[in-house]
Amino acid sequence: MRFIIIIGLLISFGCSSKIRNASDDCQKYFVFLEQNWQVNDTEKLIYGFRGNPEYWKDDKYIKSDCFVGLTKKQINKLLGKPSKSFAFYDFEMVYYCFSEGCLRALKPGGKELVINYDKNGVVTLAYFNPVGVDTDH
């Protein structure tokens, strides 16, 4: 019986959105993402926030500093598989697209979350593009 309780506790702790060493503000943001981040198209990997808000107009959606220092594994657990990625010699850029315009463009632009990883797979920079080259609103 104890074994079942221990396994249950391990699973519940492993599935939470709590990330060690993150500030209280970032912990709240990760919980917010868990409740509001969604996949809008599973085939094309198009993401967004629940209700498709104009996220660039409200700070509660954009706390990109909270991503800095996280690992690729933590980001994938939090956000899912990226829509597209580009690997370079000493860093990698991944994109979480919010519309098809982001998927079509080779260069940054469109509605997207862009995350840069260093060569060790740790986030060095993260930012949201609200509209950019995308014409789909």
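Structure shown above.
### Some thoughts on the overall build of the protein
In step 1: When its secondary structure is counted, the protein shows four helices and six strands.
In step 2: Tracing the protein from N to C terminus, the helices and strands come up as α-α-β-β-α-β-β-α-β-β.
In step 3: Within the protein, the fraction of its 137 residues that count as buried is 39%.
In step 4: The long-range fraction of contacts in the protein, counting pairs at least 24 apart against all pairs at least 6 apart in sequence, stands at 45%.

### Some thoughts on the pattern of salt bridges
In step 1: By the definition in use, this model includes three salt bridges.
In step 2: With its nearest N and O atoms 2.9 Å apart, the salt bridge here joins E54 to K57.
In step 3: Note on E54: relative accessible area 43%, which makes it partly exposed.
In step 4: According to the relative accessible area criterion, K57 is exposed, its value standing at 59%.

### Focus on the nonpolar core
In step 1: Ranked by internal contacts, the top residues of the largest apolar core, which has 26 residues, are F67, L79 and I115.
In step 2: With five residues, the single largest contributor to this core is helix α2 (residues 24-36).
In step 3: Apart from the residues within four sequence positions on either side, F67 is in contact with Y29, L33, I75, L78, L79, L113, V123, A126 and F128.
In step 4: M93, Y95, C97 and V114 belong to the second largest nonpolar core, which has five residues in total.

### Quick notes on the packing of aromatic side chains
In step 1: This structure, assessed with the given rule, holds 20 aromatic pairs.
In step 2: Over the ring of Y117 we find K72, and its NZ or CZ is 5.3 Å from the ring centre.
In step 3: Lying across the ring of Y95, K84 places its NZ or CZ 4.8 Å from the centre.

Cut-offs and rules
Residues numbered from 1 in each chain as written. Predicted model: local features only at pLDDT ≥ 70, side-chain atom pairs only at ≥ 80, totals over all residues. Heavy atoms only, no water. Helix = DSSP H or I, 4+ residues; strand = E, 2+ residues; numbered from the N terminus. Buried < 20%, exposed > 50% of the residue type's maximum accessible area, 1.4 Å probe, protein only. Contact = heavy atoms within 4.5 Å. Salt bridge = Lys/Arg side-chain N within 4 Å of Asp/Glu carboxyl O. Core = buried A, V, L, I, M, F, W, Y, C linked by side-chain atoms within 4.5 Å. Phe/Tyr/Trp six-rings, centres within 6.5 Å; stacked < 30°, edge-to-face > 60°. Lys NZ or Arg CZ within 6 Å of the ring centre and 35° of its normal.

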